[in-house]
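# Inside the fold
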Amino acid sequence: MDNLKIVFDLDNALDNKEKALERMNQFISKWKKDYPFLTRMNISESHFTYLEFSFEIRRMIFNVDEDNGRRRKSLQISDYKALSC
């Protein structure tokens, strides 16, 4: 997971699509032996469209996504607890 955090460098206000694509290609080169399907993926700059937004907006997008993930997980746990009572 840490390797993907490097690809999607959310703390770099000066990040751009070209740099992100380069990091993704490095990620694929590192992991293609263990995960051969990565070489068949058609990775392009379109995977990094979030970089077109300002840095502040990008941070909000990913913070909301993280919050939704936590909320979904807590709902699953509370649903499980309700079922097991």
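That block above? That's the structure.
One structure accompanies this document, and this report is about it. These numbers were taken from a predicted model, which means no experiment stands behind them.

### Topic: the pattern of salt bridges
Scanning the model with the defined rule gives 2 salt bridges in all. The partner of Asp 15 in a salt bridge is Arg 23, with the nearest N and O atoms 2.6 Å apart. Residues Asp 15 and Arg 23 agree in their burial class; the two are buried. Glu 52 is the partner of Lys 17 in a salt bridge, and the nearest nitrogen-oxygen pair spans 2.5 Å. One end of the pair, Lys 17, is in helix 2 (residues 17–31); the other, Glu 52, is in the loop between helix 2 and helix 3 (55–84), with 35 residues separating them in the sequence.

### A look at the packing of aromatic side chains
As enumerated under the stated definition, the model contains 5 aromatic pairs in all. For the ring pair Phe 8 and Tyr 50, a centre distance of 6.2 Å and an interplane angle of 45° mean the geometry is tilted. Separated by 42 residues along the polypeptide, Phe 8 in the loop between helix 1 (2–7) and helix 2 and Tyr 50 in the loop between helix 2 and helix 3 bring together distant segments of the chain. Residue class for Phe 8 comes out partly exposed when judged on its relative accessible area of 27%. Judged by centre distance (6.3 Å) and plane angle (75°), the rings of Tyr 35 and Phe 37 are edge-to-face. Look at Tyr 35 and you get partly exposed, because its relative accessible area is 43%. Overall, the relative accessible area of 42% leaves Phe 37 in the partly exposed class. The structure contains a cluster of three or more aromatic residues connected by ring pairs, namely Phe 8, Phe 48 and Tyr 50.

Criteria and thresholds
Each residue is numbered by its place in its chain's sequence as written, counting from 1. Only residues with pLDDT of 70 or above have their local features reported here, since the model is predicted, and side-chain atom pairs are shown and tallied only from 80 upward, although totals for entire chains, interfaces and linings are computed over all residues. Calculation of side-chain values draws on the structure's entire complement of heavy atoms; hydrogens and water are dropped beforehand. Note on definitions: salt bridges are taken to be side-chain nitrogens of Lys or Arg within 4 Å of carboxyl oxygens of Asp or Glu. Relative accessibility thresholds used throughout: buried, under 20% of the residue-type maximum; exposed, over 50%; partly exposed, between the two (1.4 Å probe, protein chains only). Here a strand is any run of E in DSSP of at least two residues, a helix any run of H or I of at least four, and the numbering for each starts at the N terminus. Here is the rule: rings of Phe, Tyr and Trp (six-membered ring for Trp) pair when centre to centre is within 6.5 Å. Planes less than 30 degrees apart are stacked, more than 60 are edge-to-face, and the remainder are tilted.

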